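Each chain, letter by letter, is given below.
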Protein chains: 2
Amino acid sequence: MINIAVLGHGVVGSGVVQLLEKNRESISRKAGADICVKKILDLREFPGLPYAEKFCTNFGEILADPEIRVVVEVMGGTHPAYDYAASALKAGKSVVTSNKELVAAKGHELLRLAGETGQNFLFEASVGGGIPIIRPLHQCLGANEIDEIVGILNGTTNFILTKMIREGMGFGDALGIAQELGYAEKDPTADIEGHDTCRKICILASLAFGSHVYPTSVDTRGITQISAEDVCYAQSIGRVIKLLGHARKIGDKCEIWVGPAMIERDSPLAGVEDVFNGILVRGDATGDVVFYGKGAGGLPTASAVISDIIDCVTAEGTIVSLHWAGADDSKLAKPGELPTTRYLRCKGKGFDTVECVLGKVNPLHRPDKPDDELAFIAPAMSGSELEQKLSQLGVHGVEVAGNIRIWGQGEI
Amino acid sequence: MINIAVLGHGVVGSGVVQLLEKNRESISRKAGADICVKKILDLREFPGLPYAEKFCTNFGEILADPEIRVVVEVMGGTHPAYDYAASALKAGKSVVTSNKELVAAKGHELLRLAGETGQNFLFEASVGGGIPIIRPLHQCLGANEIDEIVGILNGTTNFILTKMIREGMGFGDALGIAQELGYAEKDPTADIEGHDTCRKICILASLAFGSHVYPTSVDTRGITQISAEDVCYAQSIGRVIKLLGHARKIGDKCEIWVGPAMIERDSPLAGVEDVFNGILVRGDATGDVVFYGKGAGGLPTASAVISDIIDCVTAEGTIVSLHWAGADDSKLAKPGELPTTRYLRCKGKGFDTVECVLGKVNPLHRPDKPDDELAFIAPAMSGSELEQKLSQLGVHGVEVAGNIRIWGQGEI
């Protein structure tokens, strides 16, 4: 029997306890041992639960218990999660986490510590919820050089965009519905401003390219500026707008960004709708491989957490060889450094100056387009060049109201 | 340094050798050791190759070489592949294979032998080419009870069906183009009759449900009977025709079949086109997870083979715990035992008798439908009931020309 402790009895933590119970037999068979939750750390009380006696409020109790071999951190946030994870590793316990904030902020340190202490630090659940992605990327695609990773990594924003695309809804209304349905939190900032997606693409990029990428190094934009008009224009060129986390190797540099992008309707990512997640990995041997499923929720995430627990148990004594080096920002392309093709939607007067400033453009069409609106695909240019041109346009009374990347094969 | 031998220098074997060379540095880092191809078994000669001196024609040489720790079997067929794999395991070498015929026919025996000899027998490349599926199914989804697996597992037939759907082509013409492009072999039987798909779904079902499923136990139909008319009728009800390998747990039985099916256009499998493969796994915790990518080809398949080699090297001395028991046909639903909803296309006279025999049906529509054609969705019934009704129809001069399963949520 292997004893474990679960830190946090929220949606994921309670899912872990339930799923271990529900599928006990097959999980034991795969792990080669019965997995028993000995302690659950949570400050709240859960008096009605059949396993109420397992709760404790003092992490020190768990740390000092030599029978607890794996610590499952599903509290979220970096503090005290980091301290708990680090202490557990130092005490000779393996650590499994679903906490993307922790891994994005401290992954390199915790992996190094795990290596030094001969323990495992695993985090399959930190990206893509129940979708297998960390292990497949690291292990199954291990013979590939990874050229590109593009993911729809946040279910809340994908739900909002799906409403906007399918029902022509505005951003505010779609967000309202997401909040009513419990898909978006009261304070939806982390989702709609792209921070959640950013943490996840940082974890995938760190793993694929071998050195830690901090969220603060990544050009991150959310979807609050997307309008129903932009959705219409995207449709007019056979594309849909998705919030992407994107990492690509170009020469010896890596370009990483988070933001809305117009992607081709034919792309396997275009069909990823509602709260689902989809992740495309382009390897030099495999070509495009796509993983799709529920990116959040108690049981899907618990499924990923438990697969890591099984790994810790079967691999005890050997280190499952996830690793990446410390951050090296010289390997990252600076935000806006590389030329990008963009859709722009302008409002104002004096559209003659648009072609004067940007060269010939082909106006896009949508029903009921007002006369003072001009949307088009701008030629590829760097961020600084774009800024300069936009300010030139501003001088001539042309204001840019929509500005969205174009991503995908047949860039326009 | 770890020495390996490669049996067979065809598309996959040469891909393995090339990819090991191309990505040597990162593969070595992941394996924790340099991987060196010491011997290549092939009866043919390859005098121009830089590694021509590695070829040999006698398997005994490889077997007797104590330096060779992993044997990579990429010859195809069951003989002599089975003898070679079994001898290698007995000689204390791990075996990696891409050979679905071997795994579908002898998987249980070879896994048992691997367990007895303390070696690994791995076969990620046997299903889905470069798409990670075996390890994710077994390991990442290990906390789930698997309820259903549905896959587009054969690129050749998917290419043919895509041509028929997108361009309204007949089966024969589409097959001709697939042959011209090298996607279909001169003798395309194994693909178009569903045998290849059958081997792959047998491997996935064995792994997911825990006992060996032999291809001979599976109701297997191909796509040779699919007509352009059927494709049209599918479109008229918002569906597309795909060749599926299907395995589902119902109570304590498992229902497995291979055949064309009409699936909803909204299904994530509907967008799997051309030579791509897609596999949907429905777990009780994760819900639907889908894996998508290139299901064949030298480099994608080599990528999967090498991920297994890396696993053998990093896990040396520990058995990677793939396993399943011997066949138990009492756990399999008999072909046609369970009621199935089907699309039927009838030709002849006396359509009044259709409703008399089958109950009320809603006729489907297509452009230029001749008067002597009636297509509809028949109520769910077992195979024996259907046969009986079809013979009744025959007596009244109504011949069934199209007969395709309906698969997917909103069954009609």
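Structural data are supplied above this passage.
Presented here is a report on the structure given in the accompanying data block. (Residues numbered from 1 in each chain as written. Chains lettered and ligands numbered in written order. Predicted model: local features only at pLDDT ≥ 70, side-chain atom pairs only at ≥ 80, totals over all residues. Heavy atoms only, no water.)

## Structural notes on the relation of the copies chain B and chain A
Look at the two chain copies: a rotation about an axis and a shift along it is all it takes to match them.
Next, step 1: Between chain B and chain A, the superposition needs a rotation of 180° and an axial shift of 0.0 Å, giving an RMSD of 0.0 Å. On the angle and the small slide along the axis, the relation comes out as a two-fold axis. Nearest to the rotation axis, the C-alpha of F291 of chain B is located 2.5 Å from it, this being the minimum over chain B. (Least-squares fit on C-alpha atoms with pLDDT ≥ 70 in both.)

## Considering the sheet that holds strand 5 (residues 94-97) of chain B
Residue and element names in this part refer to chain B.
Next, step 1: Across the sheet, 6 strands lie side by side as 3-2-1-4-5-6; this open sheet has parallel pairing. Looking along the sheet, the strands with just one partner apiece sit at the ends: strand 3 (55-56) and strand 6 (121-122).
Next, step 2: Judged from the 4 bridges that link them, strand 4 (residues 68-73) and strand 5 form a sheet pairing that is parallel. In the strand pairing of strand 5, V71 is matched with V95.
Next, step 3: Along the sheet face, helix 1 (residues 11-22) touches strand 1 (2-7) and strand 2 (35-41) and points at about 155° away from the line of strand 1. (Pairing = 2+ DSSP bridges. Helix = DSSP H or I, 4+ residues; strand = E, 2+ residues; numbered from the N terminus. Contact = heavy atoms within 4.5 Å. Axes fitted to C-alpha atoms, helices over the stretch in contact; angles between N-to-C directions.)

## Brief notes about the interface of chain B and chain A
Next, step 1: At the interface, 44 residues of chain B touch 44 residues of chain A.
Next, step 2: With both chains or domains summed, chain B and chain A bury close to 3,500 Å², and 54% of this area falls on carbon and sulfur atoms.
Next, step 3: One salt bridge connects K22 of chain B with D284 of chain A, and the closest N-O pair in it is separated by 2.5 Å.
Next, step 4: Applying the counting criterion to the chain B and chain A interface returns 16 residue pairs in polar contact (both at pLDDT 80 or more).
Next, step 5: Contributions of two or more residues to the side of chain B that touches chain A are made by helix 1, helix 2 (24-31), helix 6 (134-140), strand 12 (287-294) and helix 12 (298-314) of chain B.
Next, step 6: No other element matches the 8 residues that strand 12 of chain B contributes to the side of chain B that touches chain A.
Next, step 7: Counted by class, the side of chain B that touches chain A contains 18 nonpolar, 14 polar and 12 charged residues.
Next, step 8: In the sheet, strand 12 (residues 287-294) of chain A pairs with strand 12 of chain B via 3 bridges, with the strands oriented antiparallel. Its bridge partner lying in strand 12 of chain B, V290 of chain A is registered against Y292 of chain B. (Buried area = accessible area lost by both parts, 1.4 Å probe. Salt bridge = Lys/Arg side-chain N within 4 Å of Asp/Glu carboxyl O. Polar contact = N/O pair within 3.5 Å; in protein donor to acceptor, adjacent residues only side chain to side chain. Nonpolar A, V, L, I, M, F, W, Y, C, P; charged D, E, K, R; others polar.)

## Some remarks on the side chain of T301 of chain B
Next, step 1: Within the fold, T301 of chain B resides in helix 12.
Next, step 2: Residue contacts for T301 of chain B: discarding those within four places in its chain leaves V12, S98, A125, G129, G130 and A296 of chain B.

## Side note on the packing of aromatic side chains
Next, step 1: The full count for this structure, using the stated rule, is 17 aromatic pairs over all chains.
Next, step 2: Seen from their ring centres, F46 of chain A and F55 of chain A are 4.9 Å apart, and the 25° between their planes marks the pair as stacked.
Next, step 3: Ring geometry for F291 of chain A and F291 of chain B: centres 6.0 Å apart, planes at 80°, overall edge-to-face. Note that F291 of chain A is positioned in strand 12 and F291 of chain B in strand 12, a pairing that runs across two chains.
Next, step 4: On the basis of relative accessibility, which here comes to 0%, the residue F291 of chain A falls in the buried class.
Next, step 5: Each residue in the set F46, Y51 and F55 of chain A is aromatic and connected to the rest through ring pairs, giving one cluster.
Next, step 6: The positively charged end of K106 of chain A is found above the aromatic ring belonging to Y82 of chain A, 4.7 Å away from the centroid. (Phe/Tyr/Trp six-rings, centres within 6.5 Å; stacked < 30°, edge-to-face > 60°. Buried < 20%, exposed > 50% of the residue type's maximum accessible area, 1.4 Å probe, protein only. Lys NZ or Arg CZ within 6 Å of the ring centre and 35° of its normal.)

## Some points on the pairing of strand 9 (residues 239-250) of chain A
All names here are of chain A.
Next, step 1: Buried residues dominate strand 9, accounting for 9 of its 12 residues.
Next, step 2: Pairing of strand 7 (residues 146-152) with strand 9, which is carried by 4 bridges, proceeds in the antiparallel orientation. For I149, the partnering residue across the bridge sits in strand 9 and is A247.
Next, step 3: Note: strand 9 against strand 10 (residues 253-264), 12 bridges, orientation antiparallel. Note that in strand 10 the partner of I250 across the bridge is K253.
Next, step 4: Linking strand 9 back to strand 10 in an antiparallel pair, the connection comprises 2 residues, with G251 at a positive phi of about 60°.

## Thoughts on the side chain of E255 of chain B
Next, step 1: Its place among the elements puts E255 of chain B in strand 10 (residues 253-264).
Next, step 2: Apart from the residues within four sequence positions on either side, E255 of chain B is in contact with H246, A247, R248, I250, A333 and L338 of chain B.

## Looking at the sheet that holds strand 5 (residues 94-97) of chain A
Residue and element names in this part refer to chain A.
Next, step 1: Strand order in the open sheet formed by 6 strands is 3-2-1-4-5-6, and the pairing between neighbours is parallel. Sheet topology places strand 3 (55-56) and strand 6 (121-122) at the edges, where each strand pairs with a single neighbour.
Next, step 2: Strand direction decides the pairing type here: strand 1 (residues 2-7) and strand 2 (residues 35-41), joined by 6 bridges, are parallel. Bridged to N3 within strand 2 is C36.
Next, step 3: Across the sheet, helix 4 (residues 81-90) lies against strand 1, strand 2, strand 4 (68-73) and strand 5, angled at about 150° from strand 5, the strand it touches most.

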